[in-house]
Amino acid sequence: MQSPIQVQARMQSPAAVLPDAMAGIQNLLKAVASGGVEGHTQELVHLRVSQINGCSACVDGGVKSARKAGVSEERLATVAAWREAPYFTEPERAALALAEAATRLADRPDAVDDGVWDAAATHFDEKQLAAIVLMIGVTNLFNRLNATTRQIAGGTWA
């Protein structure tokens, strides 16, 4: 058996080094929370985006936050394969499809095509869509900060 890779953070999270940045991010997260989307749906979106981006700190923190929001172990274990798993509602599936498309912008010419957008708009109003899109964006921001600076899963990075 190979020994685990020793990972060490390169620095604190840039958002921790520049407190005004963290304050701005916290304001965005407050806006997300006021958007009327169920907390567990936003947690699933955060977790899926973090999985796609390979951010161990955000996946770790996302699993913990999702548990606190009441997401079951079955759903946590299968969010990466949500299309094939029976545990997700149609609104959650629409939010997860939007999260994947908006995170994988370079994978196709029309990254967030009308089908993905229309499916989400069927389940969420404009305010809720804004909250989901902001959650996707904030999560991608955190993923990039944490992956670039090698923040450690289980550590304090924010």
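About the thresholds
The residue numbers shown here count from 1 along each chain, following its written sequence. At least 70 in pLDDT is required for a residue's local features to be given in this predicted model, at least 80 for side-chain atom pairs to be given and counted, and no such filter applies to totals for whole chains, interfaces and linings, which use all residues. For side-chain calculations, the full set of non-hydrogen atoms in the structure is used, while hydrogens and water are omitted. By the criteria applied, helices consist of DSSP H or I runs no shorter than four residues and strands consist of E runs no shorter than two, each listed in order from the N terminus. Throughout, radius of gyration means the C-alpha value; the globule benchmark is 2.2 Å times the number of residues raised to the power 0.38. Exposed residues in this analysis have more than 50% of their type's maximum accessible area, buried residues have under 20%, and partly exposed residues fall in between, with area computed by a 1.4 Å probe over protein chains only. Two residues form a contact once any of their heavy atoms are found within 4.5 Å. Per-residue accessibility takes into account occlusion by the displayed protein chains alone, with areas from the Shrake-Rupley method and a 1.4 Å probe. Positive: Lys, Arg. Negative: Asp, Glu. His and the chain ends are not part of the count. A charged residue contributes its charge at one atom only: NZ of Lys, CZ of Arg, CG of Asp or CD of Glu. When the sulfur atoms of two cysteines come within 2.5 Å, that pair is taken as a disulfide. We define a salt bridge as a side-chain nitrogen of Lys or Arg found within 4 Å of a carboxyl oxygen belonging to Asp or Glu. In a helix, the anticipated span is given by 1.5 Å times the number of residues less one. To be clear, the arc concerns the directions from the helix axis to the C-beta atoms. Between N-to-C directions, angles span 0 to 180 degrees; the directions come from axes that are lines fitted to C-alpha atoms, helices contributing only their stretch in contact. When describing relative orientation, an angle under 35 degrees is termed roughly parallel and one over 145 degrees roughly antiparallel, while 65 to 115 degrees is termed roughly perpendicular and anything else oblique. Left-handed is the label given to a crossing in which the near helix is rotated counterclockwise from the far helix by less than a right angle, and right-handed is the label when the rotation is clockwise. Patch building starts from residues that exceed 30% relative accessible area and form no salt bridge, then joins like charges within 9 Å and nonpolar side chains (Val, Leu, Ile, Met, Phe, Trp, Tyr) within 5 Å.

Trainee: Looking at this structure, I do not really get the overall build of the protein. What am I missing?
Mentor: Broken down by element type, the protein carries eight helices and zero strands. Put simply, the protein runs from its N terminus to its C terminus through helices and strands in the order α-α-α-α-α-α-α-α. Here the C-alpha radius of gyration of the protein, 16 Å, is about what a compact globule of 158 residues would show, namely 15 Å. A principal-axis box enclosing the C-alpha atoms of the protein has dimensions of 45 × 45 × 35 Å. Looking at the 158 residues of the protein, the share that counts as buried comes to 39%. In the protein, 68% of the contacts between residues at least 6 apart in sequence involve partners at least 24 apart. Just so you have it, the protein exposes about 8800 Å², and 55% of that area is on carbon and sulfur atoms. Across the protein, 14 positive and 17 negative side-chain charges occur, with their mean positions spaced 9 Å apart.

Trainee: In this structure, what is going on with the state of the cysteines? I would like to understand it.
Mentor: For the structure on display, the rule yields zero disulfides. C55 forms no disulfide, and the closest cysteine sulfur to it belongs to C58, at a distance of 3.3 Å. Judged by its relative accessible area of 2%, C55 falls in the buried class.

Trainee: Teacher, can you tell me more about the pattern of salt bridges here?
Mentor: Pairing between side chains of opposite charge can happen when their charged atoms approach one another. Inspection of every chain in the model, using the stated rule, returns eight salt bridges. With its nearest N and O atoms 3.1 Å apart, the salt bridge here joins D60 to K64. With D60 and K64 both in helix α4 (residues 56-68), this residue pair falls four residues apart, about one helical turn. Given a relative accessible area of 42%, K64 falls into the partly exposed group.

Trainee: Would you mind going over the environment of V37 with me for this structure?
Mentor: Mapped onto the elements of the fold, V37 is located in the loop between α2 (19-33) and α3 (39-53). Expressed as a C-alpha distance, the spacing of V37 and N53, which sit 16 residues apart in the sequence, is 23 Å. When sequence neighbours within four positions are dropped, the list of residues in contact with V37 reads Q42, F124, Q128, A131 and I132.

Trainee: Help me understand α2 in this model?
Mentor: Residues separated by three or four positions in an α-helix point in the same direction, a consequence of the helix having 3.6 residues per turn. An ideal rise of 1.5 Å per residue puts 21 Å on 15 residues; α2 measures up with 21 Å between its terminal C-alpha atoms. Here α2 has its buried residues at M22, I25 and V32. With its buried residues spanning 70 degrees around the axis, α2 presents them on a single face. Pointing more than 90 degrees away from the buried face of α2 are the exposed residues P19, D20 and K30.

Trainee: In this structure, what is going on with the packing of α2 against helix α8 (residues 126-148)? I would like to understand it.
Mentor: Two numbers describe a pair of packed helices, the interaxial angle and the distance between the axes. Where α2 meets α8, the closest approach of the two axes is 9 Å, and the angle between their N-to-C directions is 150 degrees. When the axis of α2 is compared with that of α8, the two are roughly antiparallel. When the axes of α2 and α8 are compared, the crossing they make is left-handed. Mapping the contact onto sequence places M22, I25, L28, L29 and V32 in α2 and A131, L134, M135, V138, L141 and F142 in α8.

Trainee: Sorry if this is basic, but what is going on with a nonpolar patch on the surface here?
Mentor: A cluster of nonpolar side chains, namely M11, V17 and L18, defines an oily patch on the protein surface of about 270 Å² accessible area. Here L18 is to be found in the loop between α1 (14-17) and α2. Given the relative accessible area of 54%, L18 is considered exposed.

Honestly, that's just the spatial picture; any functional story needs more than this.
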